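Observations on the model geometry
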Amino acid sequence: MARYKFTLSYDGYNYMGFQIQDALPTIELELKKAFKKLLDEDVKIYPSGRTDRSVHAIGQVFHTDITKDIPADGLKRGLNAYLPNDIYIKTCERVPDDFHARFSAVKKEYRYYINIKEYNPLTIRYMPYIPNLNADWMREAIQYLLGTHDFKGFASASIDPRKPTVKTIFQIDLLKENDKLEFRFIGNGFLKYQIRRMMGILVEVGKGKFPPTKVKEILESKNPQDSKYILEGCGLYLYKVYYEKGFN
């Protein structure tokens, strides 16, 4: 068996997320179909994490083991020939057997984009339109999210109760450009819906509906009902997965 690490990008708008769900359109299903056509093998996909419905990726990572020892460049070209044009393998490389796309990861970076100037039908699939936001209020609220916390209050209400909810966010940047806001989140991992729920509260703060301290209240309450303002998946991008030394 040979283990390969793949980095891919995709437009998630037409998919029900990364994880396979029977015959529903998912990124994993398209990958498995491409492997089957190319290698005549049913491979198991091990992703760095699972993105939700309509969420995009610039640097998603997965690994798989295949029975054939194939040059990485040829494997990349072959898979791209069978993948739809909204999914693209950016890099492919042979890796040691102890590499794992999920468990070898040490940090993940997500970005969220909001159009703040004028409604644009050409970008609505890639960033929601939310005008009149106060970036300074949102930056103040962001400070409460930094560091190690129990983020249960920002997680999906249906999350497995056995799943650890303590995570560390190392960095959050808010950049304001001409027509959009860009949020950058870097952490050791994120819970289901966590970023979209955090963004929902940040937007409510930016609208003046809550004070910045609302973030602190939700962290303390640990109640997902307090963060029910969930932004659309279309503005969220898995930007990069960081790995242990030697695996980047």
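So, here's what we can say about the structure. Bear in mind that the values here come from a model prediction, so they are computed numbers and not experimental data.

1. Focus on helix H1 (residues 27–39)
- In a regular helix each residue adds 1.5 Å, so 13 residues correspond to 18 Å; H1 covers 18 Å between its end C-alpha atoms and thus fits that length.
- Among the residues making up H1, those that are buried are Ile27, Glu28, Leu29, Glu30, Leu31, Ala34, Phe35 and Leu39.
- Buried-residue contacts for H1 involve strand E1 (2–10), strand E3 (56–66), helix H2 (72–82) and strand E4 (87–94).

2. Some remarks on the pairing of strand E7 (residues 166–176)
- Bridge analysis of strand E6 (residues 147–150) against E7 gives 4 bridges, and the strand direction is antiparallel. Within the sheet, the bridge partner assigned to Gly147 lies in E7 and is Ile169.
- Sheet topology note: the E7/strand E8 (residues 180–187) ladder contains 7 bridges and is antiparallel. Across the sheet, Ile169 pairs through a bridge with Gly187, a residue of E8.
- Where E7 folds back onto E8 in an antiparallel hairpin, the turn is made up of 3 residues.

3. As for the pairing of E3
- The buried fraction of E3 is high, at 9 of 11 residues.
- Pairing analysis gives 2 bridges linking strand E2 (residues 46–47) to E3, with the strands arranged antiparallel. Its bridge partner lying in E3, Pro47 is registered against Phe62.

About the thresholds
- Residues numbered from 1 in each chain as written.
- Predicted model: local features only at pLDDT ≥ 70, side-chain atom pairs only at ≥ 80, totals over all residues.
- Heavy atoms only, no water.
- Helix = DSSP H or I, 4+ residues; strand = E, 2+ residues; numbered from the N terminus.
- Expected span 1.5 Å × (residues − 1).
- Buried < 20%, exposed > 50% of the residue type's maximum accessible area, 1.4 Å probe, protein only.
- Contact = heavy atoms within 4.5 Å.
- Pairing = 2+ DSSP bridges.

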